[in-house]
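Chain by chain, the residues:
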Amino acid sequence: MEKILQTVNMCNYCTHEIQSCGAEPVFSREVSVTNGSKLDSQEAVVACDKYESPVELLKTKFH
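It should be emphasised that the depicted structure is a prediction, and the values quoted were computed from it without experimental measurement.

What counts as what
- Residues numbered from 1 in each chain as written.
- Predicted model: local features only at pLDDT ≥ 70, side-chain atom pairs only at ≥ 80, totals over all residues.
- Heavy atoms only, no water.
- Helix = DSSP H or I, 4+ residues; strand = E, 2+ residues; numbered from the N terminus.
- Rg over C-alpha atoms; globule rule 2.2 N^0.38 Å.
- Buried < 20%, exposed > 50% of the residue type's maximum accessible area, 1.4 Å probe, protein only.
- Areas by Shrake-Rupley, 256 points an atom, 1.4 Å probe, with all protein chains shown as cover.
- Patch = residues over 30% accessible without salt bridge, like charges linked within 9 Å, V, L, I, M, F, W, Y side chains within 5 Å.
- Salt bridge = Lys/Arg side-chain N within 4 Å of Asp/Glu carboxyl O.

(A) Quick look at the overall build of the protein. Looking only at helices and strands, one finds one helix and four strands in the protein. Helices and strands appear in the protein in the N-to-C order β-β-β-β-α. Computed over C-alpha atoms, the radius of gyration of the protein comes to 14 Å, more than 25% over the 11 Å expected from 2.2 N^0.38 for 63 residues, which places it beyond the range of a compact globule. Taken over 63 residues, the protein has a buried fraction of 16%. For the protein, the exposed area adds up to about 5,100 Å²; of that, 52% sits on carbon and sulfur atoms.

(B) Spatial organisation of unusual backbone geometry. Here the phi dihedral of Asn35 falls at roughly 65 degrees; this positive angle occurs in a residue that is not glycine. Looking at the element boundaries, Asn35 is found in the loop between strand 2 (26–27) and strand 3 (37–39). Note on Asn35: relative accessible area 75%, which makes it exposed.

(C) Expanded view of a nonpolar patch on the surface. A contiguous nonpolar patch, built from Val26, Val31, Val33 and Val46 and spanning about 230 Å² of accessible area, is present on the exposed surface. Inspection of the secondary structure assignment puts Val46 in strand 4 (residues 45–47). On the basis of relative accessible area, Val46 is assigned to the partly exposed category, the value being 32%.

This is the structure we're talking about:
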């Protein structure tokens with residue numbers, strides 16, 4: 001039985017604008033999955049060199 005793994009698109013949770021950030025992201029289509037599993041999206045950004053968490057940004061502003 002093939003297992004479908006859910007992907008999370010990092011761009012949805014980043015403080016940068018996707019079109020203008022200048023990042024070099026890794027898309028889920030570029031990742032090989034083992035154990036007979038399959039990703040639910042081939043277009044999700046799963047790693048990024050410019051990712052900035054909004055939570056970390058708020059922590060630095062208010063602490």
